[in-house]
Each structure stands twice: as structure tokens, then as C-alpha cells.
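One letter stands for each residue in the lines below.
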Amino acid sequence: QQQVKQSPQSLIVQKGGISIINCAYENTAFDYFPWYQQFPGKGPALLIAIRPDVSEKKEGRFTISFNKSAKQFSLHIMDSQPGDSATYFCAASIIQGAQKLVFGQGTRLTINP
Amino acid sequence: GAVVSQHPSRVICKSGTSVKIECRSLDFQATTMFWYRQFPKQSLMLMATSNEGSKATYEQGVEKDKFLINHASLTLSTLTVTSAHPEDSSFYICSASERGPNYGYTFGSGTRLTVV
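Residues numbered from 1 in each chain as written. Chains lettered and ligands numbered in written order. Predicted model: local features only at pLDDT ≥ 70, side-chain atom pairs only at ≥ 80, totals over all residues. Heavy atoms only, no water.

> What exactly am I supposed to notice about the nonpolar core here?
The tendency in soluble globular proteins is for nonpolar side chains to be buried side by side. Membership of the largest hydrophobic core comes to 26 residues, with the highest contact counts inside it found for V4(A), F30(A), F33(A), W35(A), F73(A), L75(A) and Y88(A). In terms of residues, this core owes the most to one element, strand β9 (residues 86–92) of chain A, which gives 4 residues. Excluding its chain neighbours within four sequence positions, the residues that come into contact with L75(A) are S19(A), I20(A), I21(A), W35(A), L47(A), I48(A), F62(A), T63(A) and Y88(A). A48(B), L79(B), A84(B) and Y92(B) belong to the second-largest nonpolar core, a separate cluster that totals 24 residues. (Core = buried A, V, L, I, M, F, W, Y, C linked by side-chain atoms within 4.5 Å. Buried < 20%, exposed > 50% of the residue type's maximum accessible area, 1.4 Å probe, protein only. Helix = DSSP H or I, 4+ residues; strand = E, 2+ residues; numbered from the N terminus. Contact = heavy atoms within 4.5 Å.)

Now the structure itself:
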């Protein structure tokens, strides 16, 4: 019940296209859903995060869509650029008590120029 | 934004020696810090959770006597890999959580440990 399932494992998108990564969770107590971007040899960096009281959050080219009833959330990267090529992780946690993040398996995104 | 500084970024040590990795929250107080290990092309694996002033909570399968964690202040946590062996070679990442209105988890830049 603590799992977060992420798909696809890898994704290739043409420059200018939309990259979509999906995650699903089981634990309905989760109330914080961040997405992280990781470049090789670096730590993950927070891209965008959402709470379950909203269905969508947009920051620049990055949008999280959240479906509470389906227990799914997704990351959309609009106008994908070669510099977006990285590994993306979704995660979930319970805010109260700053409990540990549960990570998805990661998606390796490649943007072809 | 919140910044977590992790040092060293790379370290090579001989088998049998100990290595200490530091994790500092630079502009916020981190009541809770987390230590992860990441193998190539895999997700982050949580090793332990440390709360300031108390013993760390280790995940199942993580040897607490091998991976010593100290969280003596609200801005510093350390991970010491004792009696390192080649199989301990990995990418270690710390994270600090910030509570309140700026709730979130900030990650350090990671430490590449190579045991020879």
C-alpha cells in the first residue's frame, strides 16, 4: 500500500512535443505529491508539487494533473526541450510528521532535437 | 528556496576504512533528514530517517552498525560508512524536510562513494 507506480520507464519525445509521465498510488492518506528531476550524478531537484485539494497545478511548462478518485497523478511537460532530458521521479508522502517520501521507479526522458 | 549542501561530492576510500558524508540545511532548520542510496538507473532507496537529537530509524535490511547516522543539530546530519567494502560503492543522497508553509523535501547534490 506504500507503493507508487510510475510509467513509462523510458520515454522519447521530439523537441516541442508534450511529455507525459504517469503515477498511481494506493495509500489514500498521502497528501503531498511532488515531482523531481534528476540529472546524472546530481541529486533530485523539485520541479512541482501538488496537494489533493486541487486537480491541476501549472508552473511554466510543467503541469501536474491530479485525479483523487482514481488515485493517479501525472506530469505534463509542454514544448519539451533537449535540456529537459533527465530522469523524472514522482513521489508521495504524508505531511503530518514529515513522513518519508515514497518514490516511483523513475522515467528516463529523452528529448530528440 | 531551501538549500541542502552535501559533502563531499566524490570520495574514494580503501576497503576497511570509514567515510563520513555531511549534509547541511543552509537556510532552514531541518527537524528531519533522510539518507538514500541510489544504484545506477534505479530509484532512490531510503536507508534511514533521522530526527534531530534522537536515534535514526533504519529501513528494513539496512545495517545500522555499518551506516552510522548522527543528527546532532537542526542543520547538520552525517552518515558514516564504517569498514567500507566495494559493495558499499554507490551514490548516497541526503534530504531535509522543511515544515510549515514552506513544506517540502530538499535534496543534496549526492556523494559518489567508490571503495577500492
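> Can you walk me through the interface of chain B and chain A in this structure?
Each partner contributes to the interface: chain B provides 20 residues, whereas chain A provides 20 residues. Taking both sides of the interface into account, the surface hidden between chain B and chain A amounts to around 1500 Å²; carbon and sulfur atoms contribute 60%. Interface area lost by chain B to chain A is led by Y103(B), Y105(B) and F107(B), which between them contribute 37%. Taken together, chain B and chain A are joined by 1 salt bridge. Among the ionic pairs, E59(B) bridges to K100(A), the shortest N-O distance being 3.0 Å. In this assembly, chain B and chain A are joined by 7 residue pairs in polar contact (both at pLDDT 80 or more). Elements represented by at least two residues in the side of chain B that touches chain A include exactly β4 (32–38), β5 (44–51), β9 (90–98) and β10 (104–107) of chain B. Its residues assigned to classes, the side of chain B that touches chain A shows 9 nonpolar, 8 polar and 3 charged. (Buried area = accessible area lost by both parts, 1.4 Å probe. Salt bridge = Lys/Arg side-chain N within 4 Å of Asp/Glu carboxyl O. Polar contact = N/O pair within 3.5 Å; in protein donor to acceptor, adjacent residues only side chain to side chain. Nonpolar A, V, L, I, M, F, W, Y, C, P; charged D, E, K, R; others polar.)

> Looking at this structure, how should I read the state of the cysteines?
Any covalent bond linking the sulfur atoms of two cysteines counts as a disulfide. This structure, assessed with the given rule, holds 2 disulfides over all chains. Two residues share a disulfide in this structure: C23(A) and C90(A), whose sulfurs sit 1.8 Å from each other. Between C23(A) and C90(A) the sulfur-sulfur dihedral comes to about -95 degrees; the bridge is accordingly left-handed. Placement of the pair is C23(A) in strand β3 (residues 19–25) and C90(A) in strand β9, with a sequence separation of 67 residues. Of the two residues, C23(A) and C90(A), both sit in the buried class. The side chain of C23(B) participates in a disulfide bridge whose partner is C94(B); the two sulfur atoms lie 2.0 Å from each other. A torsion of 80 degrees about the S-S bond marks the disulfide between C23(B) and C94(B) as right-handed. Placement of the pair is C23(B) in strand β3 (residues 19–25) and C94(B) in strand β9, with a sequence separation of 71 residues. We note that C23(B), like C94(B), is buried. (Disulfide = S-S within 2.5 Å.)

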